[in-house]
Amino acid sequence: MKAAPRIDSYNLFGETAELADVLHVETIRARSELHDWELRPHRHARLHQILVLSGGGGAAEIDGFTHPLAPPCLVNVPRSVVHGFRFDSGTGGWVITLASDLLDQNLTAGEGVRALLDQPAVLPLPAGLQDLAQQLFSEYSRREFGRAQLLRGLALAATALAARAIAEPRGAQPRSGGGPLFARFEALVERDFRLRRPLADYASELAVSATHLNRITHQATGQPASGLVTARMLREARRLLIYTNLTAAQIAYELGFNDPAHFSRVFAKGTGMPPRKFRQKLAGSP
């Protein structure tokens, strides 16, 4: 079987150019109507999106799971998460696209907001978010003095409301974000998770001991540092199994394993089933 291409990665859907503005806001209709109201699964390496649906409906596919869309609702799509949409014709609302750098620079890790926004979610629309989306769209469409500052302020308010909505169903405060060191570790993991680097290499690059790195990671996530690296690798493996025709062996090599059998054991330990069975289950095969 010929291998399928890699998962499409765009800035905005169908666009490969860098995000030229401080952020981007458009109606759901503007792009969806061009594609018959269906956006095939794709991802954004450096962008975070918040969708605010005010009417219509449809379904969102996020990392292989289908979520019904029942407006008014919110869809939170973190960077690198594979997502696609099928909207009912005429669905109303807005798509707010933020550069990940904007969030990293403006959200203090210890407050926990950034960690919550890294979780994909489809939720009822929180009070006030529709008004913020309307204000963002209106301000984005103009070119008046102070526009960039207003856009940043409105966008950060929108992300705070989204994070609050994500936190509320859990009934508890999120863990500490871990501070700058943890943020740097996360960035290294995102950059190098395909390389199978030993934890000592990460610690050395961060100029800390492996013990200290484990302590910081456990405080932020409840997992050891190695667990975070493995979780990121497994998330990518699941995406490749869902959205491409790459064989398990090809995926193993893609993710830095020299031995596909070793990859299969690690995947089975992390997910409860080997790669082949995982894919068969998705296809509905016995």
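Now for a look at the structure at hand. (Residues numbered from 1 in each chain as written. Predicted model: local features only at pLDDT ≥ 70, side-chain atom pairs only at ≥ 80, totals over all residues. Heavy atoms only, no water.)

### A closer look at the overall build of the protein chain
Next, step 1: Within the protein chain one finds 12 helices and nine strands.
Next, step 2: For the protein chain, with 286 residues in total, the buried portion stands at 45%.
Next, step 3: By sequence separation, contacts in the protein chain at least 24 residues apart represent 72% of the contacts at least 6 residues apart.
Next, step 4: As presented, the protein chain carries roughly 14,200 Å² of accessible surface, and 52% of it is formed by carbon and sulfur atoms. (Helix = DSSP H or I, 4+ residues; strand = E, 2+ residues; numbered from the N terminus. Buried < 20%, exposed > 50% of the residue type's maximum accessible area, 1.4 Å probe, protein only. Contact = heavy atoms within 4.5 Å. Areas by Shrake-Rupley, 256 points an atom, 1.4 Å probe, with all protein chains shown as cover.)

### What to know about the sheet that holds strand E4 (residues 58–62)
Next, step 1: The four strands lie next to each other as E2-E7-E4-E5, forming an open sheet whose pairing is antiparallel. The open sheet has two free edges, formed respectively by strand E2 (38–42) and strand E5 (65–69), since each of these has just one partner strand. Ignoring which end each strand starts from, the neighbouring axes of this sheet average 15° apart.
Next, step 2: Here three bridges tie E2 to strand E7 (residues 83–87), and the two strands are oriented antiparallel to one another. Residue Leu39 lies in a different strand from E7, and its bridge partner there is Phe85. (Pairing = 2+ DSSP bridges. Axes fitted to C-alpha atoms, helices over the stretch in contact; angles between N-to-C directions.)

### Observations regarding unusual backbone geometry
Next, step 1: In this structure, the amide linkage connecting Pro71 to the following residue, Pro72, adopts the cis form with an omega of 0°.
Next, step 2: The phi dihedral of Asp36 is positive, around 55°, even though this residue is not glycine.
Next, step 3: Looking at the element boundaries, Asp36 is found in the loop between helix H1 (28–32) and E2.
Next, step 4: At Arg196, a position not held by glycine, the phi torsion is positive, near 55°.
Next, step 5: Looking at Arg196, the relative accessible area reads 36%, which means it is partly exposed.

### Re the nonpolar core
Next, step 1: Among the nonpolar cores identified, the biggest contains 34 residues, and Phe185, Leu213, Ile251, Leu255 and Phe263 are the most heavily contacted of them.
Next, step 2: Among the elements of the structure, helix H6 (179–192), helix H7 (199–205), helix H8 (210–221), helix H9 (225–243), helix H10 (248–254) and helix H11 (260–271) are those that each provide at least two residues to this core.
Next, step 3: Other than its neighbours up to four places away in sequence, Leu213 contacts Phe185, Leu199, Tyr202, Ala203, Leu206, Val208 and Ala225.
Next, step 4: Val22, Trp94, Leu117 and Leu125 belong to the second-largest nonpolar core, a separate cluster that totals 33 residues. (Core = buried A, V, L, I, M, F, W, Y, C linked by side-chain atoms within 4.5 Å.)

### Here we look at the pairing of strand E1 (residues 23–27)
Next, step 1: Burial analysis of E1 places four of its five residues in the buried class, the great majority of the element.
Next, step 2: Of the pairings in the sheet, the one linking E1 to strand E8 (residues 92–99) comprises five bridges and is antiparallel in character. In the strand pairing of E8, Val25 is matched with Ile96.

### Remarks on the side chain of Thr97
Next, step 1: Mapped onto the secondary structure, Thr97 falls in strand E8.
Next, step 2: Side-chain polar atoms of Thr97 contact the side chain of Gln49, separated by 2.9 Å. (Polar contact = N/O pair within 3.5 Å; in protein donor to acceptor, adjacent residues only side chain to side chain.)

### Considerations on the pattern of salt bridges
Next, step 1: Inspection of the entire model under this criterion finds 21 salt bridges.
Next, step 2: With a closest N to O distance of 2.8 Å, Asp192 and Arg191 form a salt bridge.
Next, step 3: Here Asp192 falls in the buried class, since its relative accessible area comes to 7%.
Next, step 4: Residue classification places Arg191 among the partly exposed residues on the basis of a relative accessible area of 49%. (Salt bridge = Lys/Arg side-chain N within 4 Å of Asp/Glu carboxyl O.)

### Things to note about the pairing of E5
Next, step 1: Bridging between E4 and E5 involves five bridges; their strand directions are antiparallel. Each residue of the ladder has a partner; that of Glu61, found in E5, is Thr66.

### Section: H8
Next, step 1: Taking 1.5 Å as the rise per residue, H8 with 12 residues should run 16 Å; its terminal C-alpha atoms sit 16 Å apart, in good agreement.
Next, step 2: Residues of H8 that are buried in the fold lie against H6, H7 and H9.
Next, step 3: Directly after H8, the chain includes Gly222, whose backbone phi takes a positive value near 80°. (Expected span 1.5 Å × (residues − 1).)

Geometric descriptors of this kind do not, in isolation, establish any biological role.
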